[in-house]
Every structure is written in structure tokens, then in C-alpha cells.
Amino acid sequence: MTDFENKTAFVTGAASGIGLALSQALVAHGAKVMMADIDAENLAEAASKIGAPDKVETIICNAAEQASVEAAAKATRDRFGSVHFVFNNAGVSLAGRSGNIAIKDWQWIVDINLLGVVYGVEAFLPAMQAHGEGGHIINTASMAGHFATGYMPPYHATKFAVVGYSEALAMELKGSDIGVSVLCPTWVKSKIYDAAVGRPSVDGKPDESSKTNPVYESTKALVDNGMSAERFAELVLISVAKKRFYVFNDPEARGAIDMRRDLILADYDACLDDLKDIT
Ligand SMILES: NC(=O)c1ccc[n+]([C@@H]2O[C@H](COP(=O)([O-])OP(=O)(O)OC[C@H]3O[C@@H](n4cnc5c(N)ncnc54)[C@H](O)[C@@H]3O)[C@@H](O)[C@H]2O)c1
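Conventions used here
- Residues numbered from 1 in each chain as written.
- Predicted model: local features only at pLDDT ≥ 70, side-chain atom pairs only at ≥ 80, totals over all residues.
- Helix = DSSP H or I, 4+ residues; strand = E, 2+ residues; numbered from the N terminus.
- Rg over C-alpha atoms; globule rule 2.2 N^0.38 Å.
- Buried ≥ 20, exposed ≤ 12 C-beta atoms within 10 Å, placed from the backbone.
- Contact = placed C-beta atoms within 7 Å.
- Domains from an automatic or database assignment.
- Near = placed C-beta within 6 Å.
- Axes fitted to C-alpha atoms, helices over the stretch in contact; angles between N-to-C directions.
- Parallel < 35°, antiparallel > 145°, perpendicular 65-115°, else oblique.
- Left-handed = near helix turned anticlockwise from the far one by under 90°.
- Nonpolar A, V, L, I, M, F, W, Y, C, P; charged D, E, K, R; others polar.
- Pairing = 2+ DSSP bridges.
- Expected span 1.5 Å × (residues − 1).

Draft legend 1. How the structure looks around the overall build of the protein chain. For the protein chain, the count of helices and strands is eight helices and seven strands. The C-alpha radius of gyration of the protein chain comes to 19 Å, within 12% of the 19 Å expected for a compact globule of 279 residues. Scored against the burial criterion, the 279 residues of the protein chain give a buried share of 41%. Restricting the contact set of the protein chain to residue pairs at least 6 apart, pairs at least 24 apart contribute 74%.

Draft legend 2. Representation of the domain arrangement of the protein chain within the structure. Under the domain assignment, the protein chain is made up of domain 1 (8-248) and domain 2 (252-279). The distance between the C-alpha centroids of domain 1 and domain 2 comes to 32 Å.

Draft legend 3. Unusual backbone geometry, seen in detail. Here N6, not a glycine, exhibits a phi torsion of approximately 60°, which is positive. Mapping N6 onto the fold places it in the segment before strand 1 (8-12). Although it is not a glycine, K243 sits at a positive phi angle of roughly 55°. Turning to its location among the elements, K243 is positioned in the loop between helix 7 (229-241) and strand 7 (246-248).

Draft legend 4. Representation of the site of the ligand within the structure. Taken together, 32 residues lie near the ligand, and G13, S16, G17, G91 and S190 sit nearest. Here the shell around the ligand takes three residues from helix 1 (residues 17-28), the largest share from any one element.

Draft legend 5. Geometry of the environment of N113. As for its position among the elements, N113 is in helix 4 (residues 103-131). Taking the C-alpha atoms as reference, N113 lies 9.9 Å from N139; in sequence the two are 26 residues apart. Not counting chain neighbours up to four residues away, the residues in contact with N113 comprise G91, V92, T158, K159 and V162.

Draft legend 6. Just the packing of helix 1 against helix 7, in detail. Look at helix 1 against helix 7: their axes get within 8 Å of each other, and the N-to-C directions meet at 60°. In terms of axis orientation, helix 1 runs oblique to helix 7. The way helix 1 lies across helix 7 gives a crossing that is right-handed. Where helix 1 abuts helix 7, its residues G17, I18, L20, A21, L22, Q24 and A25 lie against A229, E230, F232, A233, E234, V236 and L237. Here the contact of helix 1 with helix 7 is built from residues that sort into ten nonpolar, two polar and two charged.

Draft legend 7. Here's a closer look at the packing of helix 4 against helix 5 (residues 153-173). Between helix 4 and helix 5, the least distance of the axes is 9 Å, while the angle of their chain directions is 15°. Put simply, helix 4 runs roughly parallel to helix 5. Helix 4 and helix 5 meet at a crossing whose hand is right-handed. For the pair helix 4 and helix 5, the contacting residues are W106, I109, V110, N113, L114, V117, V118 and V121 in the first and P154, Y155, T158, K159, A161, V162, Y165 and L169 in the second.

Draft legend 8. Summary view of the sheet that holds strand 2 (residues 32-37). Spatially, 3-2-1-4-5-6-7 is the arrangement adopted by the seven strands of the open sheet, whose pairing is parallel. Sheet topology places strand 3 (56-60) and strand 7 at the edges, where each strand pairs with a single neighbour. On average, each strand axis in the sheet is tilted by 15° relative to the strand beside it, whichever way the strands run. Sheet analysis places strand 5 (residues 135-140) next to strand 6 (residues 178-184), joined by six bridges and oriented parallel. Bridged to N139 within strand 6 is V182. Of the strands in this sheet, strand 1, strand 2, strand 3, strand 4 (85-88) and strand 5 are in contact with helix 1, which crosses strand 1 at around 170°. Of the strands in this sheet, strand 2 and strand 3 touch helix 2 (residues 40-50), which is tilted by about 175° from strand 3.

Draft legend 9. A look at the environment of G17. For G17, the position within the fold is in helix 1. With 171 residues separating them in the primary sequence, G17 and V188 have C-alpha atoms 7.9 Å apart. Ignoring sequence-local partners within four residues, the contact set of G17 consists of V188, S190, K191, I192 and A229.

Draft legend 10. Focus on helix 5. With 21 residues, helix 5 extends 30 Å from end C-alpha to end C-alpha; this agrees with the ideal 30 Å at 1.5 Å per step. For helix 5, the full list of buried residues reads P154, Y155, T158, K159, V162, V163, Y165 and S166. The first or second residue beyond helix 5 is G175, which carries a positive phi of 85°.

Quick look at the structure:
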């Protein structure tokens, strides 16, 4: 795969899990990488694990704050020049049932999972279009952006939004030299299940109550037994090189996609049937 050789990539959520594995894979394929994350300690550790100081730079960046993402974009261009690949990957999960989720936690997850992606596109796209060397924007959604379960309404809402936003962006950029992909994985080994421990409703105090949520243990088990982040990252780079839009990794998810489509079409047909009796 030569498409990444000497190109520059920007990755959010690069200190852990999928973002770290993407950074590692990009460097292995010859790219220069700006690794961005809010967690300074893990970010430094992640960069030293990759160990290619001429190809890797780090920046503390809060994906949920537009000014922080804009500053990171400028720092990336100052360090490496033209940016070709933007991975809007930082994300958090939040379980809970409607009626029991603090609105400030809703705002927190929307700011990171949805607006973080938008800020990344806004910060990088104009310069990518201007440099004329081509590029690709890769937004991390989830299989949770294609079908919903009953325990994570904010996570599903943000991930459905990232899928929809990415579809719109791809339509907008169709025919240009900037591609778009949306990552829709299930269960990749990472620390995602602990993200809600620091959510705003606990005012930044250490909080373990998210671990008593009914889905905490089951999610943790599925993630712990999931695909390695390294294997998923390799699939992502192959998909980007092939200019594939949706990136899936779960052979069992096809049934869920079929089921959702069938439910939508059943209601669609029923509505059109009822309309015949309404003048
Ligand atoms: N692991 C899975 O099974 C899975 C499945 C579907 C989608 N995803 C998505 O993959 C993405 C990466 O998650 P992961 O599984 O690697 O989890 P992870 O928790 O291991 O890594 C997420 C990284 O994002 C960083 N981060 C969190 N908030 C941030 C912010 N405001 N600004 C900058 N960085 C921030 C964290 O510090 C962490 O380093 C997320 O968008 C997640 O929703 C993961």
C-alpha cells in the first residue's frame, strides 16, 4: 500500500485504542502523523510506543472545543505542511436509560462525538481543498450508528448523526479529490467502556457509578474480546486506499442492517397504504 507514503495525517483520540492503532499503522505505511488527544499522559506514552520522532508529533487537543481543534490544525500544518488524511476519531460512550441521563452528559457526548467530527472537518477541509494534493476525511461512527439498542440513547444518537453527516459530506465532495469514509465497527479492543467515568454530571470527580450500569459489564466483555485495534486499523487503511465509504468489521451485523431496513420499509408501505384512504 503506497498511498500513505510521505503524506500527513491528523488523528484525534490517538492516545488509545483505535486512534493509537491508526497512528501506528499510518506510520508503518510511511505517513507523518499528528497524534491529538485530551489525555496528555497516555498521549506521550502512545507516541513513545510508536517511537518514530521524525514522523510523529503530539498535541493536546480537546475535540469538543472548536478553538482547540483549529489550533491543532494550524500546528499540524506548521509542523508537516499539507494535511492529506483527517481521522475524526475521538469519542466517548455513555450508557443509561432515558429519564436518568443528565442533560449535561447529553451535551458532553454530543460535543465530543458529533461536534468533534464537525470541528475536524471545518478546521481541515478548506486547506485540503486549497492545496490540491487530494485527501481523505475519515469519521469514526460505529455500528451503533446503524441500529439502536435500548441502553445507550446518547451514544446511538451521536453515532447515527455521524453516519448521516458523513453521508452528506460525501455527497458534497463527490467528484472532488477529497474522499470520505465513515467507520462503523463493533467491538474493537479499547478503553471505550470507561469513558463515562469522567462525565460532567459528576463534576470531574472520580466516579465509578457508570460501572454499575446494566450494560457496563456486558459491553466491557464484548470490547475486551473484540477485534484487535491493529487489525481494524489495517482494514481502515485498506478501505481508505480503495476509497470505500462505509467501513464495517462485524460479520454478524448484516442481520441488524437488514432488520432495520425491513422495519423502515414495512412502515413506509403501511403509510402509503393508509394515505390511499385520506383525501
Ligand atoms: N472500541 C469499540 O468497540 C468501538 C466500536 C464502535 C465505535 N468506536 C468508536 O471508536 C472511537 C475510538 O474509541 P476507542 O474504542 O478507541 O476508545 P478509547 O477510549 O480507547 O480511545 C478514545 C480516545 O479518545 C480520547 N478522547 C476522549 N475525549 C476526547 C476529547 N474531548 N478530545 C480529544 N480526545 C478525546 C481519549 O482520551 C482516548 O484516548 C470512538 O469514536 C468510539 O465511539 C469504538
